[in-house]
Amino acid sequence: MRDLFVYNSLSRKKEKFEPITPGQIGMYVCGPTVYSDVHLGNVRTFMSFDIIYRYLLYLGYKVRYVRNITDVGHLTDDGEDRMSKGAKKDQLEPMEVAHKYTVGFHDMMRIFNTHSPSIEPRATGHIIEQIEMVQAILDNGYGYEANGSVYFDTLSFMKDHPYGQLSGRVVEELFSETRDLKNQNEKKHPSDFAIWMKASEEHIMKWNSPWSLGFPGWHLECSAMSTKYLGKNFDIHGGGNDLKFPHHENEIAQNIGACKCSPANYWLHTNMLLMNGKKMSKSDGNTITPVQLFTGDSPHVSKGYDPMVVKFFMLQAHYSSTIDLTDDGLLAAEKGYKKLMEALKILKGLQTQSQAGAMDAEFERIMEEMHQNMSDDFNTPKVIANLFEIVSKINGLKGGQLDISELSDSCLTKLKETLSTFVFEILALKEELGGDNNSQTLDGLMGLILDIRRKAREEKNWETSDKIRDTLSALKITVKDGKDDSQWSLN
Ligand code: AMP
Ligand code: ZN
C-alpha cells in the first residue's frame, strides 16, 4: 500500500500514517448538533472528512467511519441545552427536533454527494455507556460528585497525566478560559468540567443515574461512543478546529481518566469557512444557508450556484486552511468546474493506436503527482492544479497543438481511468450541473437509493440490490458500479 502522510494536531507534525491493525482504519468524526439546519461551515468539515474517507478506501483500507449525532448535552453559553432551545423555538418535542434536523442534514450531505458513515450513533442512545464512563472516572479518582452533578477533577488528573497537550494551553489559560460560570461554586477548580449534570425542574431531557436525575456533559458522548464502536485506542479522530478546546481536549482526558488509554493516534482538524473575510455569523448577518446559495436568494451572491460548484470551490483550499466564501470566488470556481468537465468529455472521445508515445512520460508524471499530493495530507488544491495541467493538454490535443499519435493507447486508457477515479470517486464531483430544483431533488433521491443499494451489497443482499438496479433500468436510469461507489446516469 502507498505511504500516507497526515498532519497530526496532537504532535503538531506531519507524520507517516501507521494503522493499529494493518489494512484497517477506525475513524471517529464529531458530527452535528441537530437543533437547527446544517450550515455551510458544517458542510465544509463533513465534506473534507468524506474525501479523506474516500481516499482511505481508495488506498485499499477497510475503514470503519463513525460520525455521531449530538442530540443532548451541548449547552449554549448561558447553560441551556441546544436541543431544548430548538424545541421551544419550533414548539416540538426535543426528539422531533433531533429527527427533523438529522433528516435535513442527511439530505444536505446527499446533495453534496458524500457517503454516509459506517455507524452514526446518537448521544441519547448511549446514556448507559456514558453513565458507565462517569463511574469509571470516579473509580479511578479523577472525578467527584457535588450536589448530584459529577465533575472531572483536572488537578488530580494532571498529577498523573498531561492535560492541555492538544490545544497547547497551559494550566493558567485553561483556568481562565472556562466559560461555565454557572456551576463555579460546585467545582473544586475553575478548569474542572461537568461529566454528569443534575437537571433543574424545567429541564426536559433527563435520565436516572446513580447521582441524580440529569444528563451527560457534552464531551462525554464522543468518548463513550468512540470507545464502544472503535475500541479504547483507534486510528483517526477528526472535527473542526473550533472543537480542539475544550471538546477534544476533554475527550482525551476522559478517555485516559476512564480507560487509561489515549483515544486516537492521529487527530485531524479542518479549518473554518469564512465569508467575505469574516467568520460566518448569524447574529451580524454575515451568513448564507446552503439553500440560499443554490437559489441565489441572498444579498451575498449575484446568482445561484450548483452544489457541485460549491464543493469544487471548497476543494480548492486545503482542509486545514481557512476558506473565504465570496461571489467572485464562486464565479471563478464555476468557470473552472465547467472547463474541467468539458475536458473530461473530450478525453472520453480521444483515441489512439500508438504503442509508445513521447508524451507518455509527462502524463505519467502528472498522474503520479496526483497520487503523491493526495497521499500528502489529502492535498486537494494540488490535485486540482494537476487536473488543470492535464486539462490544458487535453485542449491542446483537441486543438491540434499536441499530436495524439505521441500518446500511447495504454497511457491514454490509464489517463481516462485515473481522471475518472480522482474526479468522480475521490473528489466525488458529478458530471452534469443540475441547477434547477428538480435536478437537485433527483440527485438527492438517487443518492438515497444508491446508498440503500450500497448497504444491501455490503450485506450481500443481492436480491434487493438487483431489484433496485433493474427497477432503475426500467426507468431508463443506468447504474455503473465502481470499486467503492456507484454512478448513475439518465439514458
Ligand atoms: P456543530 O453542529 O456546531 O456541533 O458542528 C459540527 C461540525 O462542524 C464540527 O466538527 C465543527 O467543528 C464544524 N464546524 C462548525 N462551524 C464551522 C465552520 N464555520 N467551518 C468549518 N467547520 C465548522
Ligand atoms: Zn465530539
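Residues numbered from 1 in each chain as written. Chains lettered and ligands numbered in written order. Predicted model: local features only at pLDDT ≥ 70, side-chain atom pairs only at ≥ 80, totals over all residues. Heavy atoms only, no water.

A. Just the overall build of the protein chain, in detail. On a plain count of helices and strands, the protein chain comes out with 16 helices and 15 strands. Scaling as 2.2 N^0.38, a compact globule of 491 residues should have a C-alpha radius of gyration of about 23 Å, and the protein chain matches this with 25 Å. Considered along the principal axes of its C-alpha atoms, the protein chain spans approximately 80 × 50 × 45 Å. Looking at the protein chain as a whole, 54% of its 491 residues are labelled buried. Relative to all contacts within the protein chain whose residues are 6 or more apart in sequence, the contacts with residues 24 or more apart total 73%. (Helix = DSSP H or I, 4+ residues; strand = E, 2+ residues; numbered from the N terminus. Rg over C-alpha atoms; globule rule 2.2 N^0.38 Å. Buried < 20%, exposed > 50% of the residue type's maximum accessible area, 1.4 Å probe, protein only. Contact = heavy atoms within 4.5 Å.)

B. Just empty space enclosed by the protein, in detail. Summed over all chains, the structure comprises 4 cavities of 30 Å³ or more. A volume near 100 Å³ is recorded for the largest cavity. Lining the largest cavity we find 13 residues, and of these Ser48, Leu315, Ala317, Tyr319 and Thr380 sit closest to its centre. Of all the secondary structure elements, the ones that give two or more residues to the lining of the largest cavity are helix 1 (40-59) and helix 10 (307-315). No other element matches the 5 residues that helix 1 contributes to the lining of the largest cavity. Within the lining of the largest cavity, the residues separate by chemical class into 9 nonpolar, 3 polar and 1 charged. (1 Å grid on protein atoms, 1.4 Å probe; cavity = no way out; pocket = protein on both sides within 12 Å on 5 of 7 lines; lining within 4 Å. Points joined across faces, edges and corners; volume = space filled by probe spheres on them. Nonpolar A, V, L, I, M, F, W, Y, C, P; charged D, E, K, R; others polar.)

C. Examining the site of ligand 1 more closely. In the vicinity of ligand 1 lie 17 residues, with Thr33, Asn42, Thr45, Asp242 and Leu273 positioned nearest. Here an oxygen atom of ligand 1 and a backbone polar atom of glycine 240 are 3.0 Å apart. Between ligand 1 and the protein, one listed contact pairs an oxygen atom with a side-chain N or O atom of aspartate 242 at 2.4 Å. Protein coverage of the free-state accessible area of ligand 1, which is 490 Å², stands at 89%. No other element matches helix 1, which puts 4 residues into the shell around ligand 1. Across the shell around ligand 1, the residue classes break down as 6 nonpolar, 10 polar and 1 charged. (Near = heavy atom within 4 Å. Polar contact = N/O pair within 3.5 Å; in protein donor to acceptor, adjacent residues only side chain to side chain. Areas by Shrake-Rupley, 256 points an atom, 1.4 Å probe, with all protein chains shown as cover.)

D. Quick look at the coordination of the zinc ion (ligand 2). Coordination of the zinc ion (ligand 2) by the protein is provided by Cys30 (SG), Cys222 (SG) and His247 (NE2), with metal-donor distances spanning 2.0 to 2.2 Å. Going along the chain, you hit the donors of the zinc ion (ligand 2) in the pattern C-x191-C-x24-H. Pair noted here: cysteine 30 is in the loop between strand 3 (24-29) and helix 1 and cysteine 222 is in helix 7 (residues 218-230), with a separation of 192 residues, a long-range link. Of the two residues examined, cysteine 30 and cysteine 222, each falls in the buried class. (Donors = N, O, S within 2.8 Å, 3.2 Å for Na, K, Ca; no water.)

E. Region of the structure containing the sheet that holds strand 12 (residues 278-279). Spatially, 3 strands are ordered 12-11-13 in an open sheet, and the strand pairing comes out mixed. With one partner strand each, in any of the chains shown, strand 12 and strand 13 (323-325) form the two edges of the open sheet. Two elements, strand 11 (residues 273-275) and strand 13, share 3 bridges in a ladder whose sense is parallel. In the sheet register, leucine 273 faces strand 13, and the bridge partner there is isoleucine 323. (Pairing = 2+ DSSP bridges.)

F. Region of interest: helix 4 (residues 127-139). Taking 1.5 Å of rise per residue, the 13 residues of helix 4 would be expected to cover 18 Å, and the 18 Å separating its terminal C-alpha atoms lies within 8% of that figure. Within helix 4, burial applies to Ile127, Glu129, Gln130, Ile131, Met133, Val134 and Ile137. Buried positions along helix 4 lie against strand 5 (143-146), strand 6 (149-152), strand 7 (193-198), strand 8 (214-216), helix 7 and helix 8 (244-259). Positive phi appears at glycine 141, one or two residues downstream of helix 4, with a value of about 85°. (Expected span 1.5 Å × (residues − 1).)

G. Spotlight on unusual backbone geometry. Here the amide bond leading from phenylalanine 245 into proline 246 is cis, since omega sits at 0°, within 30 degrees of zero. A positive phi angle, near 55°, is found at alanine 428, a position not held by glycine. Residue position: alanine 428 is located in the loop between helix 14 (409-426) and helix 15 (437-458). Under the relative-accessibility criterion, alanine 428 is labelled buried at 0%.

H. Here's a closer look at a nonpolar patch on the surface. A cluster of nonpolar side chains, Leu445, Leu448 and Ile452, forms an exposed patch at the surface whose accessible area comes to about 250 Å². Tracing the chain through its elements places isoleucine 452 in helix 15. (Patch = residues over 30% accessible without salt bridge, like charges linked within 9 Å, V, L, I, M, F, W, Y side chains within 5 Å. Salt bridge = Lys/Arg side-chain N within 4 Å of Asp/Glu carboxyl O.)

I. How the structure looks around the packing of helix 1 against helix 10. Where helix 1 meets helix 10, the axes come as close as 11 Å, and the angle between the chain directions of the two elements is 75°. In terms of orientation, helix 1 lies roughly perpendicular with respect to helix 10. Packed against helix 1, whose contacting residues are Leu40, Arg44, Met47 and Ile51, the element helix 10 presents Val310, Lys311, Met314 and Leu315 at the interface. Counted by class, the contact of helix 1 with helix 10 contains 6 nonpolar, no polar and 2 charged residues. (Axes fitted to C-alpha atoms, helices over the stretch in contact; angles between N-to-C directions. Parallel < 35°, antiparallel > 145°, perpendicular 65-115°, else oblique.)

J. Geometry of the packing of helix 10 against helix 11 (residues 327-349). Closest axis-to-axis distance for the helix 10/helix 11 pair is 9 Å, and the angle between their directions is 100°. The angle between helix 10 and helix 11 places the two elements in the roughly perpendicular class. Counted together, Met308, Val309, Val310, Phe312 and Phe313 of helix 10 and Gly329, Leu330, Ala333, Glu334, Gly336, Tyr337 and Leu340 of helix 11 form the full contact between these two elements. Of the residues in the contact of helix 10 with helix 11, the class split is 9 nonpolar, 2 polar and 1 charged.

K. The pattern of salt bridges, seen in detail. Enumeration over the complete set of coordinates arrives at 26 salt bridges. A salt bridge links lysine 188 to aspartate 153, with the nearest nitrogen and oxygen atoms 3.3 Å apart. Of this pair, lysine 188 sits in the loop between helix 6 (171-177) and strand 7 while aspartate 153 sits in the loop between strand 6 and helix 5 (154-160), and the two are 35 residues apart along the sequence. Salt bridges here are not isolated pairs; linked through shared partners, they connect Glu362, Arg365, Glu369, Glu389 and Lys393.

Remember that the coordinates give geometry; whether it matters functionally is a separate question.
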